[in-house]
Amino acid sequence: AAADCGYSFPDAVLAAEPRAARWFAGGRFETRFGPFLLRRAAGDVLVDCGLGPGPEPYFPGLAGALPAALAAAGSGMERIAAVVFTHLHIDHVGWAPFLPNARFVVAAAEWAHWARGEGLAHHVRAVARCIAPLAEAGRLELVEAGEVLPTEVLAGVTLLAAPGHTPGHHAVLVEDRLLIAGDTWHSPAQIEMPAWCHRADMDPKLAVTTRTRLADMARRHGWLLAAGH
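Described in the following lines is the structure provided in the data block.

About the criteria used
- Residues numbered from 1 in each chain as written.
- Predicted model: local features only at pLDDT ≥ 70, side-chain atom pairs only at ≥ 80, totals over all residues.
- Heavy atoms only, no water.
- Helix = DSSP H or I, 4+ residues; strand = E, 2+ residues; numbered from the N terminus.
- Expected span 1.5 Å × (residues − 1).
- Buried < 20%, exposed > 50% of the residue type's maximum accessible area, 1.4 Å probe, protein only.
- Contact = heavy atoms within 4.5 Å.
- Pairing = 2+ DSSP bridges.
- Salt bridge = Lys/Arg side-chain N within 4 Å of Asp/Glu carboxyl O.
- Axes fitted to C-alpha atoms, helices over the stretch in contact; angles between N-to-C directions.

A few points about helix α9 (residues 204-221)
(1) Moving on: Taking 1.5 Å per residue as the helical rise, α9 with its 18 residues ought to reach 26 Å, and the 26 Å between its terminal C-alpha atoms agrees with that figure.
(2) Moving on: Along α9, the residues that are buried comprise Ala207, Thr210, Arg211, Arg213, Leu214, Ala215, Met217 and Ala218.
(3) Moving on: Among the structural elements, β9 (157-161), β10 (170-174), β11 (178-180), α8 (189-192) and β12 (224-226) are those in contact with the buried residues of α9.
(4) Moving on: Positive phi shows up at Gly222, right after α9, with a value of about 75°.

Notes on the pairing of strand β6 (residues 103-107)
(1) Moving on: The buried fraction of β6 amounts to four of the five residues, a majority that puts the element mostly inside the structure.
(2) Moving on: Direction of pairing for strand β5 (residues 80-84) relative to β6: parallel, over a ladder of three bridges. Across the sheet, the residue bridging to Val83 is Phe104, located in β6.
(3) Moving on: In this structure, β6 lies alongside strand β7 (residues 140-143), joined through four bridges in parallel fashion. Within the sheet, the bridge partner assigned to Phe104 lies in β7 and is Leu140.

As for the pattern of salt bridges
(1) Moving on: Applying the stated criterion to the full structure yields nine salt bridges.
(2) Moving on: A salt bridge links Arg39 to Asp44, with the shortest nitrogen-to-oxygen separation between them at 2.8 Å.
(3) Moving on: Residue classification places Asp44 among the buried positions, given a relative accessible area of 0%.
(4) Moving on: Members of the salt-bridge network, linked through shared partners, are Arg39, Asp44 and Arg79.

Let's talk about the sheet that holds strand β4 (residues 44-47)
(1) Moving on: One open sheet holds the five strands; their spatial order is β3-β4-β5-β6-β7, and the pairing between them is mixed. The open sheet has two edge strands with one neighbour each: β3 (36-38) and β7. Taken pair by pair, the neighbouring strands of this sheet meet at an average axis angle of 20°, ignoring direction.
(2) Moving on: The pairing of β3 with β4 spans three bridges and is classified as antiparallel. Paired with Phe36 across the strands is Val47, a residue of β4.
(3) Moving on: Lying over the sheet, helix α5 (residues 108-115) contacts β6 and β7, oriented at roughly 90° with respect to β6.

Re unusual backbone geometry
(1) Moving on: In this model, Gly54 is joined to Pro55 through a cis peptide bond whose omega is -5°.
(2) Moving on: Residue placement: Pro55 occurs in the loop between β4 and α3 (66-72).
(3) Moving on: Positive phi is not limited to glycine here, since Asp48 has a value of about 70°.
(4) Moving on: Secondary-structure assignment places Asp48 in the loop between β4 and α3.
(5) Moving on: The phi torsion at Asp176 lies on the positive side, around 55°, for a residue other than glycine.
(6) Moving on: When you line up the elements, Asp176 lands in the loop between β10 and β11.

Some remarks on the sheet that holds β11
(1) Moving on: Read across the sheet, five strands follow the order β8-β9-β10-β11-β12 without closing on themselves; strand pairing throughout is mixed. Only two strands of the sheet have a single partner each, and these edge strands are β8 (151-154) and β12. Between one strand axis and the next, the sheet turns by 30° as a mean value, whatever way the strands run.
(2) Moving on: Taken together, the three bridges between β11 and β12 define a ladder with parallel strand orientation. Bridging across to β12, Ile180 finds its partner in Ala226.
(3) Moving on: Against the sheet, α9 makes contact with β9, β10, β11 and β12, and its axis sits at roughly 140° relative to β9, the strand it touches most.

In structure tokens form, the structure reads like this:
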């Protein structure tokens with residue numbers, strides 16, 4: 001998917017920052033909606049689960065292709081044993097109802113926010129459709145994690161608080177090597193310019209603080225960074 005850079009990043013001044021602007025060819029923000037697959041002998045793990053089968057009215061013309069992508073990677077919908085959510089936006093929860101054997105893990109603060117029905121209507125509807133039934137069925141596990149001391153939710157998989165994009169947004173650290181940062185970054189341009197907030201950041205000031213903190217942590221620990229867009 002693509003959008004005008006000025007729409008997606010209202011604070012970005014491309015002419016003033018050519019090193020960051022190089023990521024927006026023609027002034028356009030090119031993005032994708034993809035979860036991350038962790039292959040494991042006991043059952044594979046997804047970090048987030050994409051947009052869903054669609055069509056999704058909020059993203060006209062877009063539909064997900066997770067079953068085909070998993071098959072191409074040697075996995076499958078029934079092989080997913082767990083889903084760890086970075087947050088509960090519409091483009092991160094869509095395939096949840098179609099994963100029959102998965103347990104679902106999310107930060108308690110994130111679930112509490114959306115369970116109250118707060119936020120933009122399309123996200124609230126997606127959570128009600130895709131996540132609330134899992135909670136009612138006892139398949140949603142709520143966890144707490146801090147900014148300094150992460151919480152292990154699966155063997156070798158920990159959650160690290162990363163608020164700002166949403167109130168309970170978290171990053172996922174895998175084997176102390178890979179930091180899956182959810183929507184902390186929407187574009188590599190934000191490494192150069194962390195103050196360039198995506199329009200979807202609910203608390204822009206806090207999102208900037210989180211981006212700076214996680215980038216510093218990744219640098220110090222030698223983590224590889226990955227982000228959903």
